[in-house]
Amino acid sequence: MRIGVVACECFRKEIDQLTEGDPDISFKEYLEFGLHSYPQDLKREVIGHVNGLIGKVDAVFLGYGTCNSLKDVIKELKVPTVIIDADDCVGALLTPDEYAREKKVCAGTMFAIPFISEMGVDFFQKELDSKMPNHQELGVDVQWYLDMLFNGYSRLLHVDTGVGDREHNEQRSRDFAEALKLRYEARCGTLEVLRDRLKDT
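The following refers to the structure shown. (Residues numbered from 1 in each chain as written. Predicted model: local features only at pLDDT ≥ 70, side-chain atom pairs only at ≥ 80, totals over all residues. Heavy atoms only, no water.)

## Regarding the sheet that holds strand β7 (residues 183-188)
With parallel pairing, 3 strands are arranged side by side in an open sheet as β5-β6-β7. At either margin of the open sheet sits one strand with a lone partner, and together these are β5 (109-112) and β7. Strand-to-strand, the axes of this sheet are offset by a mean angle of 25°, without reference to chain direction. This element, helix α4 (residues 96-105), spans β5, β6 (155-160) and β7 of the sheet and lies at about 145° to β5. (Pairing = 2+ DSSP bridges. Helix = DSSP H or I, 4+ residues; strand = E, 2+ residues; numbered from the N terminus. Axes fitted to C-alpha atoms, helices over the stretch in contact; angles between N-to-C directions. Contact = heavy atoms within 4.5 Å.)

In structure tokens form, the structure reads like this:
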């Protein structure tokens, strides 16, 4: 079988580990993180990349949560495609049930999967530069931006997927929590959802 993977780059390390040495994986592509902020762009990109594999693969594993904009995307895909049964990347790495439970524990939770922690404050600095190019003239810095974005949050929950340098990932999450002025907590995640959907593909 020829299996293609089209996924958000936030899953790169986890999917690379799960597919390592698998002879059926004939194509992998990771799309830029952040497209979920622009639903129509995300949908267009996913459709274009999956349908671009017609004749090249037998089936596609789509490494995205449904992200609202992708709920009905399967109808527009011309290659048999398996999607993740989770709202977003956090649900995929915790399971939807555990994700819902953690939100009940603390509604104001910033969920830090390894990819998010690795990006840390740098991602928000780039976002600020993009959305407000003249922010320095206005006396606005990234800390002001973080304080505005995370007003009402009280906890950063580090999600350990067991992939990569775990001590490094944990320290990045701790640094991120400090920058956001949030209480730090940690728990184990899982690769179960990704693994099961890859098997289904």
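## Focus: empty space enclosed by the protein
Under the definition given, this model contains 1 cavity of 30 Å³ or more. The wall of the largest cavity is formed by L62, Y64, G65, T66, L70, V73, I83 and I84. When its residues are assigned to classes, the lining of the largest cavity shows 6 nonpolar, 2 polar and no charged. (1 Å grid on protein atoms, 1.4 Å probe; cavity = no way out; pocket = protein on both sides within 12 Å on 5 of 7 lines; lining within 4 Å. Points joined across faces, edges and corners; volume = space filled by probe spheres on them. Nonpolar A, V, L, I, M, F, W, Y, C, P; charged D, E, K, R; others polar.)

## Some points on the packing of helix α1 (residues 12-19) against helix α8 (residues 192-200)
Angle between the axes and distance between the axes are the two parameters that describe a pair of packed helices. Where α1 contacts α8, the axes come no closer than 11 Å and their chain directions differ by 50°. When the axis of α1 is compared with that of α8, the two are oblique. Considering the relative orientation of α1 and α8, their crossing is right-handed. Residues E14, I15, L18 and T19 of α1 form the contact with α8, whose own contacting residues are L194, R195 and L198. Of the residues belonging to the contact of α1 with α8, the class tally is 4 nonpolar, 1 polar and 2 charged. (Parallel < 35°, antiparallel > 145°, perpendicular 65-115°, else oblique. Left-handed = near helix turned anticlockwise from the far one by under 90°.)

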